[in-house]
Amino acid sequence: MATTQLSHLQALESEAIHIMREVAAEFEKPVLLFSGGKDSAVMLRIAEKAFWPARIPFPVMHVDTGHNFPEAIEFRDKRVAETGVNLVVASVQESIDKGRVVEETGPRASRNRLQTVTLLDAITEHGFDAVFGGGRRDEEKARAKERVYSFRDEFGQWDPKNQRPELWNLYNGRHRKGEHIRVFPLSNWTELDVWQYVADDEVELPSIYYAHRREVFRRDGMLLAVSPFVTVMEGEEPEELMVRFRTVGDASCTGAVESTATDVQTVIAEIAASRLTERGETRADDRISEAGMEDRKREGYF
Amino acid sequence: MEMLRFATAGSVDDGKSTLIGRLLLETKQIFEDQLEAVERTSRDKGFDYTNLALLTDGLRAEREQGITIDVAYRYFATPRRKFIIADTPGHTQYTRNMVTGASTADLALVLVDARKGVLEQSKRHAVIASLLQVKHLVLCVNKMDLVDYDEARFDEICDEFTDFAAKLDIDDLTFIPMSALHGDNVVQHSPNTPWYEGPTLLHHLEHVYIGSDRNLIDARFPVQYVVRPMSHDHHDYRGYAGQVASGMFRPGEEVLVLPSGFTTTIEGIDEFGGSVEQAYPPMSVNIRLADNLDVSRGDMFARPNNSPIVTQDVDAMVCWFVDRPLQAGQIFGIKHTTRTARARVQELNYRLDVNTLHRDDAQQSLAMNDVGRISLRTTVPLFVDEYRRNRVTGSFILVDEGTFETVGAGMILAASSG
């Protein structure tokens, strides 16, 4: 007799498809955040599956800090062409040029926090009422309390103490004009789940997720890539190492890890053996304070 | 690998966060940077031991006040299973939080302090688990180290809880003596309890049989979305997308389409890129029908000889979440499967005291965190089953039409057709 039991990955995929279809059915103008990172690559793949054989019935949006890894942009454009989905680019550089935000200065300057303004402006400008993000609850303590449907007020703010209870698979997406819902279909996935899915489903990722030789330097215990977007300070010595990235964010604050994993199976083996969380190891932006993520999320961050 | 979802309940002092911290630590889900951060904070605050609760209390206000505010979800895996923990705080908003956590749980962990025994709140947690039809319940008798690992004390607590649980609807009840702080019987059998021959907590979580908890009998498929590509390659394709709520669906079988009442056959069941031979819960698929019928979101596929009750009148147990009281005559938005409608509270039958199971029929309203039985009249027919038989077609949420908040959750007891 054929099995009637889904594996954990199949169950997670089915849950994510269900969530995407709910949003497509109940919202007027959803959009999927797509950075070219692995979580958004998985999201786009699941969106393809959820609506097949029709096309994905909403656009994707890239909040572009201008500090990109070229491999990620190349990958973004390739997937957009393959799926036939519309791409909206919301540019942090434009926000700076228009005077909406002021760029940080100094060698540690990052555009990470500026993205929030650009994102919220784009949501308003396009009238998006549901915004899919690839956030997972295992990433960080504040995220562990976030709903699948996460309500944002007219300022884009998240109020962690006043969230709607979420029961069964009955999601409440009701909102007023100007408010929106962030939707996290991968809420119940872990980093390892994402990688196993990438392996099982042969999801393509930007090449920087696999080990390659790159010029890097050490700062605050992380390996940062030498790029036009970071200033190498005195005493920091660039060297060429075999590295891979565990997340793909702003190139000025996303660190690499030393690695020899050149394909998905060896990456999984490394992650399974890893003793550091993905964000703790490679995201300078989360290290600001113990409540780094919570504070940014309240302001409307991803 | 299978997935098991469980909810944990207990009050601030029962050691629940410590137990979860212990499970995560011993299954190596806590990473070095997280552990270091917690050790550092514990030292800074002058604690004698590493406060594992700091691992789970994520919000600033929680750390400041030393309390857990909201349901938090945690993940860990062993080679046998992936686990999702819904960690529900015991003190404020307890009913709302536990109901939320239990709604998707296969199993509930209820913690009691071995010194204090079965308190009112332990009973309350068991009642809520039973109300939400969580099939498996584990009573973790924690802090055994503080009663010298006394077998008689453990037996006494088990007996008292067993007596109480006899009044509830719980299929499977397990008792484990433990100390979360020291790790006794959490992952490793403890040398301190040689008299205990049962499984450790982790062993139980890994092996408890949940395969028959799903309803594979009653075929129910709420239509979620209609897939119509309108493209050159798939010109006439029309697939009804949804997640199988219960039962099995196969191509060639007859289905009854609700509310129209037409009968047709399943032409094919599709997943991305191809067709499948059968669909079972919780698969997300597209179902294609042999006949061209008018079917849209909120409709349901069932079987001609096994269908849900089609009704506008529903009796349900409802949990109330907000401080505005629930009263007869009020109107709410209702979401049931993929159907949304409006519902009027016809009658509040009684308020259930979740500590004593006493039914108070003199109450005129339900306050926040109350549970009670109500009758609803809906604007359009719903396709319902009893919650005991079907968690998907037996559940609904109520939404305030002014604030859009989720104000209540309901479990259908009975429905009259027509």
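Further up the page is the structure itself.
Residues numbered from 1 in each chain as written. Chains lettered and ligands numbered in written order. Predicted model: local features only at pLDDT ≥ 70, side-chain atom pairs only at ≥ 80, totals over all residues. Heavy atoms only, no water.

Asks: Can you break down the overall build of chain B residue by residue, with the values?
Replies: The number of helices and strands found in chain B is 7 helices and 23 strands. Over its C-alpha atoms chain B spans a radius of gyration of 24 Å, differing by no more than 12% from the 22 Å that the globule rule assigns to 418 residues. A principal-axis box enclosing the C-alpha atoms of chain B has dimensions of 70 × 55 × 40 Å. The 418 residues of chain B split such that 60% are buried. Counted over contacts in chain B with a minimum sequence separation of 6, partners at least 24 positions apart contribute 70%. Carbon together with sulfur atoms contributes 46% to the accessible area of chain B, which is approximately 16,300 Å² in total. (Helix = DSSP H or I, 4+ residues; strand = E, 2+ residues; numbered from the N terminus. Rg over C-alpha atoms; globule rule 2.2 N^0.38 Å. Buried < 20%, exposed > 50% of the residue type's maximum accessible area, 1.4 Å probe, protein only. Contact = heavy atoms within 4.5 Å. Areas by Shrake-Rupley, 256 points an atom, 1.4 Å probe, with all protein chains shown as cover.)

Asks: Quick one: what's the story with the overall build of chain A, residue by residue and with numbers?
Replies: A tally of regular secondary structure across chain A gives 9 helices and 10 strands. A total of 302 residues make up chain A; the buried ones form 63% of that total. At a minimum sequence separation of 6, the contacts of chain A that also span at least 24 residues come to 73%. Total accessible area on chain A stands at roughly 11,600 Å², and carbon and sulfur atoms take up 48% of it.

Asks: Got a sec to walk through the sheet that holds strand E10 (residues 255–258) of chain A? Specific residues and values, please.
Replies: All names here are of chain A. A barrel is described by the order of its strands in space; here 4 strands give the closed sequence E7-E8-E10-E9, paired in antiparallel fashion. Adjacent strand axes in the sheet meet at a mean angle of 70°, parallel and antiparallel pairs treated alike. The pairing of strand E7 (residues 212–219) with strand E8 (residues 222–225) spans 4 bridges and is classified as antiparallel. By the bridge assignment for E8, Phe 217 is matched with Leu 224. (Pairing = 2+ DSSP bridges. Axes fitted to C-alpha atoms, helices over the stretch in contact; angles between N-to-C directions.)

Asks: I'd like a description of the sheet that holds strand E4 (residues 107–113) of chain B, backed by residues and values.
Replies: Residue and element names in this part refer to chain B. Spatial strand order, E2-E3-E1-E4-E5-E6: 6 strands in an open sheet with mixed pairing. Of all the strands in the sheet, the pair left with one neighbour each is strand E2 (72–77) and strand E6 (172–177). The average undirected angle you get between the axes of adjacent strands in this sheet is 25°. Judged from the 4 bridges that link them, strand E1 (residues 2–9) and E4 form a sheet pairing that is parallel. Looking at the pairing, Ala 9 lines up with Val 110 of E4.

Asks: I'd like a rundown of the pairing of E4(B), residues and numbers included.
Replies: All names here are of chain B. Burial runs high along E4: 7 of the 7 residues are buried. Side chains Leu 107, Leu 109, Leu 111 and Asp 113 of E4 all project onto a buried face; the interleaved residues Ala 108, Val 110 and Val 112 project onto the opposite face, where all are buried too. For E4 and strand E5 (residues 136–142), the ladder comprises 7 bridges, and the chain directions are parallel. Following the sheet pairing, Val 110 is matched in E5 by Leu 139. Considered for its hand, the β-α-β crossover made up of E4, helix H5 (residues 120–131) and E5 is right-handed. (Right-handed = clockwise from strand over helix to strand, strands pointing away.)

Asks: Give a description of the interface of chain A and chain B that names residues and reports values.
Replies: Listed as interface residues are 64 residues of chain A and, on the opposing side, 86 residues of chain B. Connecting chain A to chain B are 6 salt bridges. The salt bridge involving Glu15(A) is made with Arg5(B); its shortest N-O contact spans 2.8 Å. If you look at where chain A meets chain B, you find 33 residue pairs in polar contact (both at pLDDT 80 or more). Elements with a minimum of two residues in the side of chain A that touches chain B: helix H1 (8–26), helix H2 (38–51), helix H8 (278–282) and helix H9 (292–299) of chain A. With 12 residues, H1(A) is the single largest residue contributor to the side of chain A that touches chain B. Partitioned by chemical class, the residues of the side of chain A that touches chain B number 24 nonpolar, 17 polar and 23 charged. (Salt bridge = Lys/Arg side-chain N within 4 Å of Asp/Glu carboxyl O. Polar contact = N/O pair within 3.5 Å; in protein donor to acceptor, adjacent residues only side chain to side chain. Nonpolar A, V, L, I, M, F, W, Y, C, P; charged D, E, K, R; others polar.)

Asks: Outline the packing of H2(A) against helix H3 (residues 70–83) of chain A, supporting the account with residue identities and numerical values.
Replies: A pair of packed helices is characterised by two quantities: the angle between their axes and the separation of those axes. Residues and elements named next belong to chain A. The N-to-C vectors of H2 and H3 enclose an angle of 0°; their axes lie 12 Å apart at closest approach. In terms of orientation, H2 lies roughly parallel with respect to H3. On H3, the residues touching Ala 41, Leu 44, Arg 45 and Glu 48 of H2 are Phe 75, Arg 79 and Thr 83. Of the residues belonging to the contact of H2 with H3, the class tally is 3 nonpolar, 1 polar and 3 charged. (Parallel < 35°, antiparallel > 145°, perpendicular 65-115°, else oblique.)

Asks: How would you explain the side chain of Glu139(A) if you had to name every residue and give the values?
Replies: Note on placement: Glu139(A) falls in the loop between strand E4 (130–132) and strand E5 (149–152). At 2.7 Å, the side chain of Glu139(A) and the backbone nitrogen of Arg136(A) are in polar contact.

Asks: Let's hear about the packing of aromatic side chains: which residues, and what values?
Replies: Taken as a whole and assessed by the stated rule, the structure comprises 23 aromatic pairs over all chains. When the ring of Phe51(A) is compared with that of Tyr225(B), the centres are 5.3 Å apart and the planes differ by 70°; the resulting orientation is edge-to-face. Separated into two different chains, Phe51(A) in helix H2 and Tyr225(B) in strand E8 (residues 225–227) make up a pair that spans both. Tyr225(B) carries the same exposure label as Phe51(A), and that label is buried. Three or more aromatic residues link up through ring pairs in this structure, and these residues are Phe51(A), Phe58(A), Phe132(A) and Tyr225(B). In this structure, Arg137(A) is placed above the aromatic ring of Tyr73(B), and the distance from its NZ or CZ to the ring centre is 4.0 Å. (Phe/Tyr/Trp six-rings, centres within 6.5 Å; stacked < 30°, edge-to-face > 60°. Lys NZ or Arg CZ within 6 Å of the ring centre and 35° of its normal.)

Asks: For the nonpolar core, give the residues involved together with the corresponding values.
Replies: Ranked by internal contacts, the top residues of the largest apolar core, which has 163 residues, are Trp195(A), Leu132(B), Phe249(B) and Phe301(B). The leading source of residues in this core is H1(A), at 9 residues. Once residues within four sequence positions are removed from consideration, Trp195(A) is found in contact with Lys38(A), Leu205(A), Tyr209(A), Tyr210(A), Val264(A), Val267(A), Ile268(A) and Ile271(A). Ranked by size, the runner-up nonpolar core spans 25 residues in total, among them Leu19(B), Leu24(B), Leu109(B) and Met178(B). (Core = buried A, V, L, I, M, F, W, Y, C linked by side-chain atoms within 4.5 Å.)

Asks: Hey, could you go over the pattern of salt bridges for me, with residue numbers and the actual values?
Replies: Opposite charge on two side chains allows them to pair when their charged atoms are near. Residues and elements named next belong to chain B. Taken as a whole, this structure holds 48 salt bridges over all chains when the rule is applied. Residues Asp 315 and Arg 373 are paired through a salt bridge, measuring 3.2 Å at the closest nitrogen-oxygen approach. On the criterion of sequence distance, the pair formed by Asp 315 in strand E15 (residues 309–320) and Arg 373 in strand E21 (residues 371–384) is long-range, its members being 58 residues apart. Judged by relative accessible area, which is 22%, Asp 315 ranks as partly exposed.

Asks: Tell me what's going on with helix H1 (residues 16–26) of chain B, and back it up with residues and numbers.
Replies: Residues and elements named next belong to chain B. Of all the 11 residues making up H1, 9 are buried; the element is thus mostly covered by neighbouring parts of the structure. Considered for burial, the residues of H1 that qualify are Lys 16, Ser 17, Thr 18, Leu 19, Ile 20, Gly 21, Arg 22, Leu 23 and Leu 24. Against E1, E2, strand E3 (81–87), E4, E5 and helix H7 (201–207) lie the buried residues of H1. Backbone geometry just downstream of H1 places Lys 28 in the positive-phi region, at approximately 60°.

Asks: Break down the packing of H1(A) against H2(A) for me, citing the residues and quoting the values.
Replies: Residues and elements named next belong to chain A. The geometry of H1 relative to H2 is characterised by a closest axis approach of 9 Å and an angle of 70° between their N-to-C directions. On the basis of the axis angle, H1 is roughly perpendicular to H2. Here Glu 13, Ala 16, Ile 17, Met 20, Arg 21 and Ala 24 of H1 lie close against H2, whose contacting residues are Met 43, Ile 46, Ala 47, Lys 49, Ala 50 and Phe 51. Class assignment for the residues of the contact of H1 with H2 results in 9 nonpolar, no polar and 3 charged.

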